[in-house]
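# Commentary on secondary and tertiary structure
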Amino acid sequence: MVGGGLAGVSAALALADGGHDVELLEARPRLGGAACSFRRGALTVDNGQHVFLRCCTEYLAFLRRLGATGHVTLQPRLSVPVLRPGGPAGRLWRDPLPAPLHLARALGGYVHLPFRQRLGVVRTALAMYRLDPADPVLDRRTLGDWLAARGQSRAAVEVLWDLIGRATLNATASDASLALAAMVFRTGLLTRAGAADLGYPRVPLGDLHDTLAERALRDAGARVRRRSRVIGVAAHEDGVRAWLAGGVTVSADAVILAVPHDAAARLLPEDAWPGLPRFGGLATSPIVNVHVRYDRQVTDLPFAAGVGSPVQWVFDRTTAS
């Protein structure tokens, strides 16, 4: 197994639980990949705020496998404060009603939109509910084009659709595929009432995805090798070989690359797959996190979303840090 992020740890555990002999190679000194922690003085800092929804059933199963469910908070019912500089505080929440009626009152009373536009949002959400994400036609259209065709204003896109889309698709409506957006909005908000209940860790990510992950791997019989950077992988007559920096070679029956797409493209031989150059050239969309340390308490909110601001989400990490 090459890569000790969430995908690599999850795959290694599944294989070890299935009775396979597993060795996990990770280039960094810690597991967790893009969901890890680092130290800055007396603080333990997460590389970014990572949240999950109740509909993220695979991640919840992963936490159960690590014995980590006691270290996270999962809302009993969706409730997200939405703040605007110089404006009133709004909230997105759900009623104890079946989907999609569970969001009707929240959307109808959303203070960041005029009343008439709120009704349009409700109608558009119901239209989204009727879309089929598997329809290939949807993948040739952006979410932004579809919203504009349904009369959604720029303001509605900014304070609602992009608020949700950025957090789930890591893209604005003008860039997001309508097919992917329909899948995300339907799965997270419109099909099951509790699907979008928000979860987040109460401890540093490293406690979950590094410490508990390594313990689970070792208990399952898997070997973990940190600071082991793989520089190439190729098929061999007796299986697969991986070359590590420093001249070490590892032989195996099979190798799973649980690394970013561009890293996987660099590790594989050029003739491994005709589509490899295009695969390796796929663009990325980074997420920027800013950690600010104050000398006093500045909020009573555990988290809040932001509109009308370059800051999209704020989390109070005092306890976890």
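About the cut-offs
Residues numbered from 1 in each chain as written. Predicted model: local features only at pLDDT ≥ 70, side-chain atom pairs only at ≥ 80, totals over all residues. Heavy atoms only, no water. Pairing = 2+ DSSP bridges. Helix = DSSP H or I, 4+ residues; strand = E, 2+ residues; numbered from the N terminus. Axes fitted to C-alpha atoms, helices over the stretch in contact; angles between N-to-C directions. Salt bridge = Lys/Arg side-chain N within 4 Å of Asp/Glu carboxyl O. Parallel < 35°, antiparallel > 145°, perpendicular 65-115°, else oblique. Contact = heavy atoms within 4.5 Å. Nonpolar A, V, L, I, M, F, W, Y, C, P; charged D, E, K, R; others polar. Polar contact = N/O pair within 3.5 Å; in protein donor to acceptor, adjacent residues only side chain to side chain.

### What about the sheet that holds strand E6 (residues 79-83)?
Within a sheet, neighbouring strands are paired by backbone hydrogen bonds and run either parallel or antiparallel to one another. Across the sheet, 4 strands lie side by side as E7-E6-E13-E14; this open sheet has mixed pairing. Two strands bound the open sheet, and with one partner strand each, they are strand E7 (90-93) and strand E14 (313-315). Each strand of the sheet is rotated relative to its neighbour by a mean of 30°, with strand direction disregarded. Relative to E7, E6 runs antiparallel, the two being bridged by 4 bridges. Bridging from a neighbouring strand, Pro81 pairs with Arg91 of E7.

### As for the pattern of salt bridges
In the structure shown here, the tally under the stated rule is 13 salt bridges. The residue Asp95 makes a salt bridge to Arg105 at a minimum N-O spacing of 2.8 Å. With Asp95 in the loop between E7 and helix H3 (104-108) and Arg105 in helix H3, the pair connects residues that are 10 residues apart, well separated along the chain.

### Quick look at the packing of helix H4 (residues 115-129) against helix H7 (residues 178-190)
With their axes 9 Å apart at the nearest point, H4 and H7 run at an angle of 105° to one another. Considering the angle they form, H4 stands roughly perpendicular to H7. On H7, the residues that touch Ala125, Met128 and Tyr129 of H4 are Ala181, Ala182, Phe185, Arg186 and Leu190. When grouped by side-chain class, the residues that make up the contact of H4 with H7 number 7 nonpolar, no polar and 1 charged.

### Quick notes on the side chain of Ser37
By the element assignment, Ser37 lies in strand E2 (residues 37-40). Polar contacts involving the side chain of Ser37 include one to the side chain of Asp46, which spans 2.7 Å. For Ser37, the side chain forms a polar contact with the main-chain nitrogen of Gly206, separated by 2.7 Å.

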